[in-house]
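In case you want the letters, here they are:
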Amino acid sequence: MQTNIQAETARRRTFAIISHPDAGKTTLTEKLLLFGGAIQTAGAVKSNKIKKSATSDFMEIEKQRGISVATSVMTFDYNNLKINILDTPGHKDFAEDTYRTLTAVDSVILVIDCVKGVEEQTKRLMEVCRMRDTPVIVFINKLDREGQNPFDLLDELEEKLNIRVRPMTWPVNMGQNFKGVYSLIEKKLYFFKVNKTKVEDDVLPIELADDLLDQKVGERDAAQLREDVELIEGVYDDFDRQAYLDGKLAPVFFGSAVNNFGVKELLEGFCQISPEPIARPTDKREVLPGEKNFSGFVFKIHANLDPRHRDRIAFLRICSGVFERNKFYHHTRLDKNVRFASPFSFMADSKSVVEEGFPGDVVGLYDTGTFKIGDTLTEGEDLQFQGIPSFSPEIFKELVNLDPMKSKQLEKGIQQLTDEGVAQLFSLELGNRKIVGTVGELQFEVIQYRLENEYGAKCRWVPLNYTKACWITAEDPKKLNEFIRLKGNQIAYDKDQNPVFLAESDWMLRMNQQNNPDVTFHLTSEFK
Ligand code: G4P
């Protein structure tokens, strides 16, 4: 069994595709599935994307999210590898979902729109990747459009994302004159043709010095390509895989997802360089994927809003050993044993019961309220996986109970919803007031709706003036207590009773940091 675990683990590649909305994440995901043979026709993933027209109607969004459970994890075999793509919601209000999904992957592909370059959400996502030094491959998309100069794009990536980059392919022109990309590694020219699905016929192994290049792309473009490549070889070091695996260097590919161009090369490149399942930290020790005993953690909980199917699905990432159906496992937070009769794997458009899963795999577990985000299952060992931090919310509102007879229901409802990760709950010491923090307005509507429909509790929201919640610590407990006493109504407690400081603005936060050098302010709940 041991060698089996190792062989199966070595075969797994578990990653997420991330981007600022509209850069082409959905299109690229779909094209990877097409090339991987997991789906036969385009449209399967696209239909799950939250439609722009629905972005102000949360029930519509929830309906669409409901469908997308099936495609939350997309698995296919390619080049003898088992590839698991973890889908992330592109919608900005669900950014926390995306951040959490990033805790369950071993690497990511970051999609950039060549016209828009690095955008707001790109930066945020990259910050999350950097927290864990997650290896990142960059795909610069939409080369069929008149984009920015590729050298400028690379500079922008380095500057704004704070990571070294290394081009792996290089475009020959862009927009209407886009002719293809030259692979700097394979020394091959890939010709661009709109919407082709077969790439092989359009590849030419060619050395840059060869006259054939001039014949194929024209003298001017050939000269430009030679000049560009000379510059690249002068400026960038050779591709250093270890630096990529350490999260210090991002290889960059160019292409056009909607035209199927550059996608296969990206997939091949990904298969060659991306990491197999990696070791993961726990509160006690590091867990290696090749270990005999099973362990895993829950990184996402999906609730079904359909009143006829009020089930929740917990997404479990397997970190070590073999997960088996119907076997008892230890739920370390609750210190109790649990087993699952019908765990399932996710396929492109269906769910199927799995008998076993290996490190890197994600299984779906039907849950009746036993799980919180971050919960750990083991074969008995008492450990808790780390690295699933909460991030500072951006919008804060006080939860006001409208029906005193239903305060218990409200209490239970808000606890469960925040366990699912819909939002974060903070309480103010004074008067036991409850503050809910989210990254998007939609979550407030979702909570209000669900409290009423699932728990029979009515509430209203009072907007608060805060924009950040910082977890606070100090080496000297006296200093911390002093600060807490001093700031009184700006101090709240998270679900684990850790104190947080609520700041009205970045400026106020900086002032407080300057004036209280003994107190450390953290923007995420997990810190060393
Ligand atoms: P997202 O998941 O990152 O939000 O982006 P998505 O894939 O939905 O792509 C956003 C838009 O960009 C889509 O157009 C899509 O067709 C287009 N797109 C994706 N890749 C390319 C590309 O390589 N070149 C060009 N020119 N466009 C690309 P849309 O108008 O929003 O939707 P649709 O009706 O065309 O599907």
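Before reading further, recall that the structure is shown in the block above.
It should be emphasised that the depicted structure is a prediction, and the values quoted were computed from it without experimental measurement.

Draft legend 1. Expanded view of the overall build of the protein chain. Along the protein chain, the regular secondary structure elements total 14 helices and 31 strands. Here the protein chain holds 528 residues, and 56% of them are scored as buried. Considering only contacts within the protein chain whose residues lie at least 6 apart along the sequence, 71% involve residues at least 24 apart. In the structure as shown, the protein chain presents an accessible area of about 23,300 Å², 48% of it carried by carbon and sulfur atoms.

Draft legend 2. Spotlight on the pairing of strand 5 (residues 136-141). Most of strand 5 sits out of view: 6 of its 6 residues are buried. Alternating residues of strand 5 divide into Val 136, Val 138 and Ile 140 and Ile 137, Phe 139 and Asn 141, and every residue in both groups is buried. Note that strand 4 (residues 107-113) and strand 5 share 6 bridges and pair parallel. The partner of Asp 113 across the bridge, within strand 5, is Asn 141. Where the polypeptide runs from strand 4 across helix 5 (residues 120-131) and back to strand 5, its parallel neighbour, the crossover connection is right-handed. Bridge count between strand 5 and strand 11 (residues 249-254): 3 bridges; the pairing is parallel. Note on strand 11: the bridge partner recorded for Phe 139 is Phe 253.

Draft legend 3. Geometry of the packing of aromatic side chains. Counted by the stated rule, this structure contains 22 aromatic pairs. Centroid distance Phe 178 to Phe 261: 5.5 Å. Interplanar angle 85°. Geometry classified as edge-to-face. Of this pair, Phe 178 sits in the loop between strand 7 (169-172) and strand 8 (180-183) while Phe 261 sits in the loop between strand 11 and helix 10 (263-273), and the two are 83 residues apart along the sequence. Each member of the pair, Phe 178 as well as Phe 261, carries the same accessibility label: buried. With centroids separated by 6.3 Å and ring planes inclined at 40°, the aromatic side chains of Phe 396 and Phe 426 adopt a geometry described as tilted. Taken together, the residues Phe 396 in strand 24 (residues 395-401) and Phe 426 in strand 25 (residues 424-428) connect sequence positions 30 residues apart. What makes Phe 396 buried here is its relative accessible area of 1%. An aromatic cluster of three or more residues is present, and its members are Phe 396, Phe 426, Tyr 466 and Trp 471. Sitting over the face of the ring of Phe 315, Lys 300 holds its NZ or CZ atom 5.0 Å from the ring centroid. Over the face of the ring belonging to Phe 444 we find Lys 397, whose NZ or CZ atom lies 4.6 Å from the ring centre.

Draft legend 4. Structural view of the pattern of salt bridges. Applying the stated criterion across every chain yields a total of 40 salt bridges. The partner of Glu 379 in a salt bridge is Lys 327, and the shortest N-O contact between them spans 3.8 Å. Taken as a pair, Glu 379 in the loop between strand 23 (376-378) and strand 24 and Lys 327 in the loop between strand 16 (323-324) and strand 17 (329-331) lie far apart in primary sequence, 52 residues in all. Residue Lys 327 is classed as partly exposed on the basis of its relative accessible area, which comes to 30%. With its nearest N and O atoms 2.5 Å apart, the salt bridge here joins Asp 419 to Lys 495. With a gap of 76 residues between them, Asp 419 in helix 11 (residues 407-420) and Lys 495 in the loop between strand 29 (491-493) and strand 30 (499-503) connect regions that are remote in the sequence.

Draft legend 5. Just the sheet that holds strand 1 (residues 12-19), in detail. The mixed open sheet is built from 7 strands, whose spatial order is 2-3-1-4-5-11-6. Whereas interior strands pair on both sides, the edge strands pair on one side only; in this sheet they are strand 2 (73-78) and strand 6 (164-167). Averaged over neighbouring strand pairs, the angle between their axes works out to 30° when direction is ignored. Strand direction decides the pairing type here: strand 6 and strand 11, joined by 4 bridges, are parallel. What sits directly across from Val 165, in strand 11, is Ala 250.

Draft legend 6. A look at the side chain of Ser 320. In this structure, Ser 320 sits in strand 15 (residues 312-320). One polar contact links the side chain of Ser 320 to the main-chain carbonyl oxygen of Asn 293, over a distance of 2.8 Å. In this structure the side chain of Ser 320 is engaged in a polar contact, spanning 2.7 Å, whose partner is the side chain of Ser 295.

Draft legend 7. A look at helix 12 (residues 442-455). Counted at 1.5 Å a residue, the expected span for helix 12 with its 14 residues is 20 Å, and the 19 Å between its end C-alpha atoms agrees. Among the residues of helix 12, Leu 442, Gln 443, Phe 444, Val 446, Ile 447, Arg 450, Leu 451 and Tyr 455 are the ones counted as buried. Positive phi shows up at Gly 456, right after helix 12, with a value of about 70°.

Draft legend 8. Molecular detail of the environment of Cys 319. Mapped onto the elements, Cys 319 comes out in strand 15. Taking the C-alpha atoms as reference, Cys 319 lies 9.1 Å from Ala 104; in sequence the two are 215 residues apart. Once you skip the residues sitting within four places of it in the chain, Cys 319 turns out to touch Arg 280, Leu 288, Pro 289, Ser 295, Gly 296, Phe 297, Pro 359 and Phe 385.

Draft legend 9. Region of the structure containing the packing of helix 2 (residues 25-35) against helix 10. It is at 10 Å that the axes of helix 2 and helix 10 come closest, and there the two elements cross at 75°. Classed by the angle they form, the pair helix 2 and helix 10 counts as roughly perpendicular. Residue-level contacts link Leu 28, Lys 31, Leu 32 and Phe 35 of helix 2 to Val 263, Lys 264, Leu 266 and Leu 267 of helix 10. Split into classes, the residues belonging to the contact of helix 2 with helix 10 amount to 6 nonpolar, no polar and 2 charged.

Draft legend 10. Looking closely at the nonpolar core. In terms of nonpolar packing, the biggest core is built from 68 residues, with Leu 102, Val 138, Ile 140 and Leu 157 touching the most fellow members. When residues in this core are grouped by element, the largest group, 5 residues, is from helix 6 (residues 150-161). Excluding anything up to four places from it in sequence, Val 138 contacts Leu 110, Ile 112, Leu 157, Ala 250, Pro 251, Val 252 and Phe 253. Counting residues in hydrophobic clusters, the runner-up holds 28 residues, among them Phe 76, Leu 81, Tyr 244 and Ile 273.

Draft legend 11. Looking closely at the pairing of strand 26 (residues 433-438). Of all 6 residues making up strand 26, 5 are buried, and the element is well covered by its neighbours. One ladder, built from 5 bridges, connects strand 24 with strand 26; its direction is antiparallel. The residue bridging Glu 398 from the neighbouring strand is Ile 435, located in strand 26. Note: strand 25 against strand 26, 5 bridges, orientation antiparallel. Counterpart to Ser 427 in the pairing with strand 26 is Lys 434.

What counts, and at which threshold
Residues numbered from 1 in each chain as written. Predicted model: local features only at pLDDT ≥ 70, side-chain atom pairs only at ≥ 80, totals over all residues. Heavy atoms only, no water. Helix = DSSP H or I, 4+ residues; strand = E, 2+ residues; numbered from the N terminus. Buried < 20%, exposed > 50% of the residue type's maximum accessible area, 1.4 Å probe, protein only. Contact = heavy atoms within 4.5 Å. Areas by Shrake-Rupley, 256 points an atom, 1.4 Å probe, with all protein chains shown as cover. Pairing = 2+ DSSP bridges. Right-handed = clockwise from strand over helix to strand, strands pointing away. Phe/Tyr/Trp six-rings, centres within 6.5 Å; stacked < 30°, edge-to-face > 60°. Lys NZ or Arg CZ within 6 Å of the ring centre and 35° of its normal. Salt bridge = Lys/Arg side-chain N within 4 Å of Asp/Glu carboxyl O. Axes fitted to C-alpha atoms, helices over the stretch in contact; angles between N-to-C directions. Polar contact = N/O pair within 3.5 Å; in protein donor to acceptor, adjacent residues only side chain to side chain. Expected span 1.5 Å × (residues − 1). Parallel < 35°, antiparallel > 145°, perpendicular 65-115°, else oblique. Nonpolar A, V, L, I, M, F, W, Y, C, P; charged D, E, K, R; others polar. Core = buried A, V, L, I, M, F, W, Y, C linked by side-chain atoms within 4.5 Å.

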